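Close look at the chain arrangement
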Amino acid sequence: MDKIRVLIVDDHAIVRMGMVALLNAQPNMEAVGEAKNGELGVKAALKLKPDVIVMDILMPVKNGIEATREIKAALPDAKILILTTSTSANDLSAALKAGAMGMIPKTTSNATLLSAVKSVAAGKRTVASEINEIIDSCPNVKAQEIIEEFPFLKSVKMKKESSVAKYYEADG
């Protein structure tokens, strides 16, 4: 079986280094590149054509939403997993609209991150329960409108990787 090739796009070097070490320690995954902002992330994605792109939202030069939109325009089959500290329902909704297949918070466990990368690589949408809670609780964003636009959020099934790591997964 081929390794899942992952590009990491995050403005924090320590996050990139940690993810590279984590991914490269897996027998079925490989970090093939890293970028410190969305602009460099777009260039790296076009050059490397990774299986999965792990993308932060809040970055200088070009944010992850803009980068996701550009990557999806150039590489429609690109699989992008958002890994973020953003608690803005507007940001989270915009990332989904831009074409992200998954979204998990940076507070997630290693096991959940790895599982989310595998799910996105397999073409499954993955949204952490914390992300759904942010969208549901935000008074500025109507959760029902988001669910109507992204029906997979309504039909997700709960999946547990450990007693701590929870996320939602849905096909397509």
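Since this is a predicted model, take the numbers as computed values, not measurements.

Within the chain one finds seven helices and eight strands. The buried share of the chain, taken over its 172 residues, is 51%. Pairs at least 24 residues apart make up 66% of the contacts formed inside the chain by residues separated by at least 6 positions. For the chain, the accessible surface area stands at approximately 8,200 Å², while carbon and sulfur atoms represent 51% of it.

So, about helix α1 (residues 13-24). The end-to-end C-alpha separation of α1 is 16 Å, in line with the 16 Å expected for 12 residues at 1.5 Å each. Considered for burial, the residues of α1 that qualify are Arg16, Met19, Val20, Leu22 and Leu23. Here the buried residues of α1 occupy an arc of 170° about the axis, which is enough to place them on one side. Across α1 from its buried face, at more than 90 degrees, point the exposed residues Ile14 and Met17. Contacts made by the buried residues of α1 are with β1 (4-9), β2 (29-35), β3 (52-55), β4 (80-84) and α5 (110-121).

The subject of this paragraph is the packing of helix α2 (residues 38-48) against helix α3 (residues 64-74). Across the interface, α2 lies against α3 with an axial gap of 9 Å and an inter-helix angle of 20°. When the axes of α2 and α3 are compared, the pair comes out roughly parallel. Of the two elements, α2 crosses α3, and the hand of that crossing is right-handed. Between α2, through Gly38, Gly41, Val42, Ala45 and Leu46, and α3, the contact on the second element is made entirely by Ala67, Glu70, Ile71 and Ala74. Its residues assigned to classes, the contact of α2 with α3 comprises six nonpolar, two polar and one charged.

Rules behind the numbers
- Residues numbered from 1 in each chain as written.
- Predicted model: local features only at pLDDT ≥ 70, side-chain atom pairs only at ≥ 80, totals over all residues.
- Heavy atoms only, no water.
- Helix = DSSP H or I, 4+ residues; strand = E, 2+ residues; numbered from the N terminus.
- Buried < 20%, exposed > 50% of the residue type's maximum accessible area, 1.4 Å probe, protein only.
- Contact = heavy atoms within 4.5 Å.
- Areas by Shrake-Rupley, 256 points an atom, 1.4 Å probe, with all protein chains shown as cover.
- Expected span 1.5 Å × (residues − 1).
- Arc of directions from axis to C-beta.
- Axes fitted to C-alpha atoms, helices over the stretch in contact; angles between N-to-C directions.
- Parallel < 35°, antiparallel > 145°, perpendicular 65-115°, else oblique.
- Left-handed = near helix turned anticlockwise from the far one by under 90°.
- Nonpolar A, V, L, I, M, F, W, Y, C, P; charged D, E, K, R; others polar.

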